[in-house]
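The primary structure of each chain is shown beneath.
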Amino acid sequence: MSEISHEPLLKEFSDAHWDEAACAVIVPEGKARAVAEWLLEQGVDYCSNVTGVDYLESEVKEKINNEAGEEETVTRTEPGRIDVVYHLYSMRDQTGPLVIKQRTSRENAQVESLTPLWRSCELQEREVFDLFGVDFKGHPDQRRILMWDEFEGHPMRKDFVEPFDYEWEPTPHDEILEKHKKGKVIV
Amino acid sequence: MVEGSADLEMTTQNISPGMDLDDKTRAELERAGVIVTRVDFLYNWSRSNSVWPLTFGLACCAIEMIASATSRFDMSRFGSEVFRPTPRQADLMIVSGTVTKKMAPQVVRIYNQMPEPKWIIAMGACAISGGPFKQGYNVLKGIDRYLPVDVYLPGCPPRPEAVLQSLNYLQNKINDQDIKADPAFTKGRRQYPVPEFTGTDLEPPYNPEVWSPPENPNGEPVVPPKKTAA
């Protein structure tokens, strides 16, 4: 199975760009449905996987050339974000995968749902909604799928705090041992 | 050894302390074609050799449970091959696999629907204690927090031989039941409160009637659970 080339996609949508490190096309905000419709016309008819990736705010060091032409290391703050990743295949041409990503902020996570185009996205987008708290605009049935409806928070987010229910154990180790040393057990 | 012990071994085991006949007399009677027994013994003997488990699997342990019912391991040798698809007809619940917090209320509800007498085998590390997921946010730390477990079957997952042995342990336990005093016969149908979902956990986190947290022998300071940020 050969890969789907991303070049035609970049030619069609000039504001989309190719992320070499991730081997993925970063879709511009608000254009995901248009990109997906165009891909569907090109015969990319199967979405195999939808997942989310959470990036916390981080400090990135990079080398730039300053005005004097000297190399300089600067530190800049990379804002946190959530990527929603789609792995696409073409059953018609027996090609794939093509990876596209929708980017959104962590605070107001909202992307466009591709479920109306690829039905196989439905449950997986619900899972991303459940575990990452990403709101999928246009999803026909968006509700929690793995956790119960009353659950608060989104467990796969990196800043999720698990419920405090540690109990005394006869043989604690690792994290639990640390909590025991601090006396942080319920009983 | 008493006189005629070889004959005694052939007879049914005398497990009743209050019985008037001694083993020797009983053996002689059996030789004459008279069987003397107790209601307890007969009742338990027939119960233990016809344990009907519930068709009910939660995770990978269920595969081993199924394998123990197939011809290679053949659970029917011990009279327990009739897996019933409804709790109303089953008397053994094999909790085979990880009990997630989302599934726990349903497991308790199914147990409540089973008629007495009923027994539970907690199969696998997850059903016993939560196993590798014990410190996770979504897995119950053992089904014994809500239900009275009769046999704990460790393993990850346990081999079918272990399933059969746990069944044998359960049969021994059934044989020792006193039908006048055992809660299975005196309390009516035992039903336990079904836990409810809250924002972070199940409420209540355990049923104090069947389980209480282990005591901390080090006397470490008690820190009340703080409100968790979502």
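Note that the coordinates shown come from a computational prediction; the quantities given were computed from them, not determined experimentally.

Colleague: Help me understand the overall build of chain B, please; the structure alone is not making it clear to me.
Modeller: Counting its regular elements, chain B contains eight helices and five strands. Reading chain B from its N end, one meets helices and strands in the order α-α-α-α-β-α-β-α-β-α-α-β-β. In chain B, which comprises 230 residues, the proportion classed as buried is 31%. For chain B, contacts bridging at least 24 residues in sequence account for 74% of all contacts bridging at least 6.

Colleague: Teacher, can you tell me more about the pairing of strand 2 (residues 24-27) of chain A here?
Modeller: Working note: regular strand, side chains alternate between the two faces of the sheet. Residues and elements named next belong to chain A. Bridging between strand 1 (residues 17-19) and strand 2 involves three bridges; their strand directions are antiparallel. Each bridged residue has a counterpart across the sheet, and for Trp18 the counterpart in strand 2 is Val25. What sits between strand 1 and strand 2 in their antiparallel hairpin is a turn of four residues, with Cys23 showing a positive phi close to 55°. As defined by bridge partners, strand 2 adjoins strand 7 (residues 95-105) across three bridges and the pair is classed as parallel. Its bridge partner lying in strand 7, Val27 is registered against Gln102.

Colleague: Just checking my understanding: could you explain the domain arrangement of chain A for this structure?
Modeller: Each assigned domain of chain A is listed with its residue range as follows: domain 1 (7-54 + 82-155) and domain 2 (157-187). In this structure, domain 1 of chain A and domain 2 of chain A have C-alpha centres spaced 36 Å apart.

Colleague: Would you explain the nonpolar core in this entry?
Modeller: Across soluble globular proteins, nonpolar side chains have a tendency to be buried as a group. Residues and elements named next belong to chain B. Membership of the largest hydrophobic core comes to 40 residues, with the highest contact counts inside it found for Met93, Val95, Val99, Ile121, Ala122, Met123 and Ile143. Those elements that provide at least two residues to this core are helix 4 (61-69), strand 1 (92-96), helix 5 (104-113), strand 2 (119-123), helix 6 (124-129), strand 3 (151-153) and helix 7 (160-175). Counting residues per element, this core draws most heavily on strand 2, which supplies five residues. In contact with Ala122, other than residues within four places in its own chain, are Val95, Ala127, Ile128, Ile143, Asp144, Val149, Tyr152 and Leu153.

Colleague: Even after reading the chapter, I still don't get unusual backbone geometry, so can you show me in this structure?
Modeller: In most cases, non-glycine residues show a negative phi, while peptide bonds are predominantly trans. In this chain, A:Gly96 is followed by A:Pro97 through a cis amide linkage whose omega measures 0°. Tracing the chain through its elements places A:Pro97 in strand 7. Omega for the peptide link from B:Glu203 to B:Pro204 comes to -5°, which places this bond in the cis form. By the element assignment, B:Pro204 lies in the segment after strand 5 (202-203). In the Ramachandran plot, A:Cys23 falls in the positive-phi region, its phi being about 55° despite a non-glycine side chain. Turning to its location among the elements, A:Cys23 is positioned in the loop between strand 1 and strand 2. Residue A:Cys23 is classed as exposed on the basis of its 12 C-beta neighbours within 10 Å. One non-glycine residue, B:Asp74, lies in positive phi territory at about 60°. Within the secondary structure, B:Asp74 is located in the loop between helix 4 and strand 1. A residue is classified by how many C-beta atoms lie within 10 Å of it, and B:Asp74, with 13 of them, is partly exposed.

Colleague: Looking at this structure, how should I read the packing of helix 3 (residues 39-48) of chain B against helix 7 of chain B?
Modeller: Residues and elements named next belong to chain B. Two numbers describe how helix 3 lies on helix 7: the axes approach to 8 Å, and their chain directions differ by 160°. In terms of orientation, helix 3 lies roughly antiparallel with respect to helix 7. Between helix 3 and helix 7 lies a crossing of right-handed hand. The residues of helix 7 that touch helix 3, namely those facing Asn44, Trp45, Arg47 and Ser48, are Gln171, Ile174 and Asn175. Residues that form the contact of helix 3 with helix 7 fall into these classes: two nonpolar, four polar and one charged.

Colleague: Is there a simple way to explain the sheet that holds strand 7 of chain A in this structure?
Modeller: Strand pairing in a sheet is mediated by backbone hydrogen bonds. Such pairs are either parallel or antiparallel. All names here are of chain A. The strand order 1-2-7-6-3 describes an open sheet built from five strands, whose pairing is mixed. At either margin of the open sheet sits one strand with a lone partner, and together these are strand 1 and strand 3 (46-55). Adjacent strand axes in the sheet meet at a mean angle of 30°, parallel and antiparallel pairs treated alike.

Colleague: What is the right way to look at the pairing of strand 6 (residues 81-90) of chain A in this model?
Modeller: Residues and elements named next belong to chain A. When strand 3 meets strand 6, the two strands line up antiparallel, connected through nine bridges. Opposite Tyr55, over in strand 6, you have Arg81 as the bridge partner. Here strand 6 runs beside strand 7; their pairing, made up of nine bridges, is antiparallel. The partner of Arg81 across the bridge, within strand 7, is Ser105. From the end of strand 6 to the start of strand 7, which pair antiparallel, there are four residues, and Gln94 there has a positive phi angle of about 55°.

What counts and how
- Residues numbered from 1 in each chain as written.
- Chains lettered and ligands numbered in written order.
- Predicted model: local features only at pLDDT ≥ 70, side-chain atom pairs only at ≥ 80, totals over all residues.
- Helix = DSSP H or I, 4+ residues; strand = E, 2+ residues; numbered from the N terminus.
- Buried ≥ 20, exposed ≤ 12 C-beta atoms within 10 Å, placed from the backbone.
- Contact = placed C-beta atoms within 7 Å.
- Pairing = 2+ DSSP bridges.
- Domains from an automatic or database assignment.
- Core = buried A, V, L, I, M, F, W, Y, C linked by C-beta atoms within 7 Å.
- Axes fitted to C-alpha atoms, helices over the stretch in contact; angles between N-to-C directions.
- Parallel < 35°, antiparallel > 145°, perpendicular 65-115°, else oblique.
- Left-handed = near helix turned anticlockwise from the far one by under 90°.
- Nonpolar A, V, L, I, M, F, W, Y, C, P; charged D, E, K, R; others polar.

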